[in-house]
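Residues per chain, in single letters:
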Amino acid sequence: MMKRQTVVGKTMLAGKTACKVLYHKSSDTVEVEVGGTTLKFEADSFIVINEMLRKAAARIVMQTEIEMSV
């Protein structure tokens, strides 16, 4: 029997690299697929990692804005 999963996010990165996020409700786990690499997380850990990545992205944007204004 195959596990039921739902694609909850999907995009195409530079170089035509597919990226998607799958949620497995039965096991409450998340898979992040980037190209041929798959990372698996418990859903609560994925949420924590998402918050960390969001904050890191904001810092990168701020750094880029500072460098561009110099």
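Above this text sits the structure in question.
Residues numbered from 1 in each chain as written. Predicted model: local features only at pLDDT ≥ 70, side-chain atom pairs only at ≥ 80, totals over all residues. Heavy atoms only, no water.

To continue, consider the sheet that holds strand β4 (residues 37-42). With antiparallel pairing, the four strands of this open sheet are ordered in space as β1-β2-β3-β4. At either margin of the open sheet sits one strand with a lone partner, and together these are β1 (6-13) and β4. Each strand axis lies, on average, 15° off the axis of its neighbour in the sheet, ignoring direction. Bridge count between strand β2 (residues 17-24) and strand β3 (residues 29-34): six bridges; the pairing is antiparallel. In the sheet register, tyrosine 23 faces β3, and the bridge partner there is valine 30. In this fold helix α1 (residues 43-69) packs onto β2, β3 and β4, with an angle of close to 110° to the strand it touches most, β4. (Pairing = 2+ DSSP bridges. Helix = DSSP H or I, 4+ residues; strand = E, 2+ residues; numbered from the N terminus. Axes fitted to C-alpha atoms, helices over the stretch in contact; angles between N-to-C directions. Contact = heavy atoms within 4.5 Å.)

What follows covers the packing of aromatic side chains. In total, this model carries one aromatic pair according to the counting rule given. Their ring planes at 45° and their centres at 6.4 Å tell us that phenylalanine 41 and phenylalanine 46 sit as a pair that is tilted. Accessibility expressed as a relative area gives 22% for phenylalanine 46, which makes it partly exposed. (Phe/Tyr/Trp six-rings, centres within 6.5 Å; stacked < 30°, edge-to-face > 60°. Buried < 20%, exposed > 50% of the residue type's maximum accessible area, 1.4 Å probe, protein only.)

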